[in-house]
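Spelled out, the chains give:
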2 protein chains.
Amino acid sequence: MSTHVVIIAGGAGTRFWPAGRRARPKQLLPVASQKTLLADTVDRCAGLAPPEQTYVVTNEVQREATVKECSTLPEGNILAEPHMRNTAAAIGLAAIEVVRRDPDAVMVVLPADHVIRPRERFVSIFSAAAERAAATDVLLTVGIEPTGPATGYGYIEAGDVAAEVAGHRAHTVKSFKEKPDAATAAGFLKAGGYFWNAGTFVWKASAILSAFEEHLPGHHAILQKIDAAGGGSPDPDLYATFENVPIDIGVMERAQNVEVIPADFEWDDAGSWLALSRLNEKDAQGNVVRGDHLGLDTHNCIVVSGEDHLIATIGLDDFVIVHTKDATLICPKGRAEEVRDMVARLKEHGRQDLT
Amino acid sequence: MSTHVVIIAGGAGTRFWPAGRRARPKQLLPVASQKTLLADTVDRCAGLAPPEQTYVVTNEVQREATVKECSTLPEGNILAEPHMRNTAAAIGLAAIEVVRRDPDAVMVVLPADHVIRPRERFVSIFSAAAERAAATDVLLTVGIEPTGPATGYGYIEAGDVAAEVAGHRAHTVKSFKEKPDAATAAGFLKAGGYFWNAGTFVWKASAILSAFEEHLPGHHAILQKIDAAGGGSPDPDLYATFENVPIDIGVMERAQNVEVIPADFEWDDAGSWLALSRLNEKDAQGNVVRGDHLGLDTHNCIVVSGEDHLIATIGLDDFVIVHTKDATLICPKGRAEEVRDMVARLKEHGRQDLT
């Protein structure tokens, strides 16, 4: 069995504005450590595959920064979409590249901007999934054991145990559930057997291409053309014809040969600035600080600043403050989600230069 | 009668940090309008004296910026102290310069960093004071009619009316009172006849020099030496020997020939960032904004930023946010006084470059 890792790095930066920008999305920011989320993800995957079998799918705008951030990977393993066409297209593009190199490869697909700890548990679970995938043609997903009735994630309803591999259980999948309301989420948690859909997949590259042929034939036809043109950088006009559809809806919810392996590792989708407080050590005042900060009576804040700029705060509790060269954000932690609205407002005002 | 105006521009910038710095004190900041407080003061005084009879006393550090800000005044009228030695020395330095030019001059002394409106009322009251000073050797102060039981100012207890001049009354002064506690301030307000000490004086230049001779003979001796050396830029070593004493304590509280003219104009000592809210028009959300700001659900804030930097706020009420090139301050309005503590802390931390 030969495992290839595909890291999907197509995110936007809107919820991490003003540090996050179109050219510097979430995965290119240091959120969970002093390294970027992408670099953390590449590090984490070293336990699954060697650098020459580790790929990153990004887009043309972010390509240069992505190559720089993945200095341990061969530059040819950074695949750049000419247009962003959602996860089905990105995964298909990677799959044809992987199959070209190794027709029997098992492919692990991971978002670049999630945090998974500890690394040993991550490697253990994904190795088991890879072992299961190598032995079958099933499409596996790794589902996160819920730690609460979250309404921000989709859920996977597990069925019977299909196999036990290296101490982990692969279940059949009864259904995929959209983001639930609070009562439904509470019901899932009470019933058990529901797992968060984290967008992580394990399958043979040939198996996912067969699934494209069956469930997304339009995608499959385009992928065939890209493959026939020799792989590598796809033609932008051709790429633009991909339907904009996520892999979950386009393939996973339609396929019958889907399994889920529950995972009990720490998982965080780093969905907003609040992730910095969850994922980093706090100082004695409960603050998480990146850069230069002097606080008087300042507690439980997130303060991010460049080295040459002091953020001075007096009497602040539970605030997010992010300084960049051309913009500074200040908001209470409870309103960090509204950073997206700020970015939308900036666009309305014709200030794309700041987004 | 020939009136000369002396503007005392020796303030610090600590309560307006980070915009206020050692080299850019409060009077060099735009607080009450788009102009600096000093420029506003120079404009206001044009109704009392012509430019060649208007002086600014500053110090060597702030000299260049002060000259630039007072482009309507002759550069020789900007007097720079080689050391800061409080108001008695600064006023003495100006007095010998004024007497050299006009032995009979009446001298109006004003802080550079206060706001007085409307200008017509200012001119009316100070012209009356100048008329009274020209006719006598009394030392006049203009006292502000209290609008509340403020504890942040000294008070002047007025006695009988000594004279009526051009519709204004000059009272004898019974006593000067230090900043009172709340109960005492309330008592002053109830009793009536107490006025805020705003550090504004009117006297013949020769009369204040006589008062120096009587009450601050040490100052008088140094001033004689400066005069003998030809005036202008005083010798730094000589200047350093001035006792550090304010004119109120050194002269006004000791002299018997003191009078106060009550003033009913709008007066604001612009003591902290909150002055921006008091003195400037607010937008529809109650914010006072200088520079680039985009607020979502942001009300009653003071936002100051450079033109090339956006301050983006979500869900803030009653905050002060001040961005400069190397530092940003964020604090609730209610804690704006603590900006001084922040500056002190920076000095403790060896970060004088930011003060």
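Attention in this report is confined to the structure presented alongside it. In this text the structure is predicted, and so the values were computed from the model without any measurement. (Residues numbered from 1 in each chain as written. Chains lettered and ligands numbered in written order. Predicted model: local features only at pLDDT ≥ 70, side-chain atom pairs only at ≥ 80, totals over all residues. Heavy atoms only, no water.)

Remarks on the interface of chain B and chain A
The extent of an interface is frequently quoted as the accessible surface area lost upon association of the parts. The interface is formed by 36 residues belonging to chain B together with 36 residues belonging to chain A. With both chains or domains summed, chain B and chain A bury close to 2,800 Å², and 65% of this area falls on carbon and sulfur atoms. Inspection of the region where chain B meets chain A yields 4 salt bridges. The salt bridge involving Asp297 of chain A is made with Arg335 of chain B; its shortest N-O contact spans 2.6 Å. Our count for the chain B to chain A interface comes out at 18 residue pairs in polar contact (both at pLDDT 80 or more). Taken together, the elements giving at least two residues each to the side of chain B that touches chain A come down to β13 (292–296), β15 (310–314), β16 (319–323), β17 (327–332) and α11 (339–348) of chain B. (Contact = heavy atoms within 4.5 Å. Buried area = accessible area lost by both parts, 1.4 Å probe. Salt bridge = Lys/Arg side-chain N within 4 Å of Asp/Glu carboxyl O. Polar contact = N/O pair within 3.5 Å; in protein donor to acceptor, adjacent residues only side chain to side chain. Helix = DSSP H or I, 4+ residues; strand = E, 2+ residues; numbered from the N terminus.)

With respect to the side chain of Ser277 of chain A
Along the chain, the position of Ser277 of chain A falls in helix α10 (residues 274–279). Those residues in contact with Ser277 of chain A, other than ones at most four positions away along the chain, are Lys282, Val288, Ile302 and Lys333 of chain A.

So, the sheet that holds strand β13 (residues 292–296) of chain A
If you walk across this open sheet you meet the 6 strands as β13(A)-β15(A)-β17(B)-β16(B)-β14(B)-β12(B), and the pairing is mixed. The open sheet has two edge strands with one neighbour each: β13 of chain A together with β12 (288–290) of chain B. The average undirected angle you get between the axes of adjacent strands in this sheet is 5 degrees. Strands β13 and β15 (310–314) of chain A together with β17 of chain B of the sheet are contacted by α11 of chain B, whose axis makes an angle of about 130 degrees with β13 of chain A. (Pairing = 2+ DSSP bridges. Axes fitted to C-alpha atoms, helices over the stretch in contact; angles between N-to-C directions.)

Examining the sheet that holds strand β14 (residues 302–304) of chain A
The strand order across the open sheet formed by 6 strands is β12(A)-β14(A)-β16(A)-β17(A)-β15(B)-β13(B), and the pairing between neighbours is mixed. Each end of this open sheet is capped by a strand with a single partner; those strands are β12 (288–290) of chain A together with β13 of chain B. Along the sheet, successive strands turn relative to each other by an average axial angle of 5 degrees, direction set aside. In the sheet, β12 of chain A pairs with β14 of chain A via 3 bridges, with the strands oriented parallel. Directly across from Val288 of chain A, in β14 of chain A, lies its bridge partner Ile302 of chain A.

Concerning the side chain of Thr41 of chain B
All names here are of chain B. Residue position: Thr41 is located in helix α1 (residues 37–45). Of note is the side chain of Thr41, whose polar atom sits 2.8 Å from the backbone oxygen of Leu37. Those residues in contact with Thr41 that lie beyond four places of it in its chain are Ile7, Pro111, Ala112 and His114.

Focus: the relation of the copies chain B and chain A
At an RMSD of 0.1 Å, chain B and chain A line up after a rotation of 180 degrees and a shift of 0.1 Å along the axis. Look at the turn and shift together and you get a two-fold axis relating the two. Interface overlap between copies: 100% of the residues of chain B at the interface are likewise at the interface in chain A, consistent with a symmetric, same-surface contact. (Least-squares fit on C-alpha atoms with pLDDT ≥ 70 in both.)

Focus on the environment of Ala49 of chain A
Residues and elements named next belong to chain A. Within the fold, Ala49 resides in the loop between α1 (37–45) and β2 (54–59). For Ala49, a relative accessible area of 6% translates into the label buried. Along the chain, Ala49 and Val322 lie 273 residues apart, while their C-alpha atoms are 36 Å from each other. For Ala49, the residues in contact, after removing those within four places along its chain, are Thr3, His4, Val5 and Thr54. (Buried < 20%, exposed > 50% of the residue type's maximum accessible area, 1.4 Å probe, protein only.)

Side note on the packing of helix α3 (residues 86–101) of chain B against helix α6 (residues 205–215) of chain B
Between two packed helices, both the angle of their axes relative to each other and the distance between the axes serve to describe the pair. All names here are of chain B. As a packed pair, α3 and α6 sit with axes 9 Å apart at the nearest point and diverge in direction by 135 degrees. Accordingly, the angle class assigned to the pair α3 and α6 is oblique. Where α3 crosses over α6, the two elements pack in a sense that is left-handed. Of the residues in α6, those touching α3 at Ala88, Gly92, Ala95, Ile96, Val98 and Val99 are Ala205, Ser206, Ile208, Leu209 and Phe212. Of the residues that constitute the contact of α3 with α6, the class distribution is 9 nonpolar, 2 polar and no charged. (Parallel < 35°, antiparallel > 145°, perpendicular 65-115°, else oblique. Left-handed = near helix turned anticlockwise from the far one by under 90°. Nonpolar A, V, L, I, M, F, W, Y, C, P; charged D, E, K, R; others polar.)

Examining the pairing of β13 of chain B
Residues and elements named next belong to chain B. Counting buried positions over the 5 residues of β13 gives 4, a clear majority of the element. Alignment of β13 against β15, held across 5 bridges, turns out to be parallel. For Asp292, the partnering residue across the bridge sits in β15 and is Leu310.

Topic: empty space enclosed by the protein
One pass over the structure, following the stated rule, counts 2 cavities of 30 Å³ or more. Approximately 40 Å³ is the volume attributed to the largest cavity. Lining of the largest cavity is provided by Leu79, Leu93, Ile96, Glu97, Arg100, Gly231 and Gly232 of chain B. When the residues that make up the lining of the largest cavity are grouped by side-chain class, the tally is 3 nonpolar, 2 polar and 2 charged. Computed from the structure, the second largest cavity encloses a volume of approximately 30 Å³. Lining the second largest cavity are Arg44, Leu110, Pro111, His114, Ile116, Thr200 and Trp267 of chain A. Here the residues of the lining of the second largest cavity sort into 4 nonpolar, 2 polar and 1 charged. (1 Å grid on protein atoms, 1.4 Å probe; cavity = no way out; pocket = protein on both sides within 12 Å on 5 of 7 lines; lining within 4 Å. Points joined across faces, edges and corners; volume = space filled by probe spheres on them.)

Focus on the packing of aromatic side chains
Think of a pair of aromatic rings as described by two things: how far the centres are apart, and how the planes are tilted against each other in angle. Inspection of every chain in the model, using the stated rule, returns 21 aromatic pairs over all chains. Taking NZ or CZ as reference, Arg44 of chain A lies 5.8 Å from the ring centre of Phe122 of chain A, over its face. (Phe/Tyr/Trp six-rings, centres within 6.5 Å; stacked < 30°, edge-to-face > 60°. Lys NZ or Arg CZ within 6 Å of the ring centre and 35° of its normal.)

A word on the state of the cysteines
Each disulfide consists of a covalent bond between the sulfur atoms of two cysteine residues. Residues and elements named next belong to chain A. Throughout the structure, instances matching the rule amount to 0 disulfides over all chains. Of the cysteine sulfurs around Cys301, a residue in no disulfide, the closest is that of Cys331, at 10 Å. For Cys301, a relative accessible area of 0% corresponds to the buried category. (Disulfide = S-S within 2.5 Å.)

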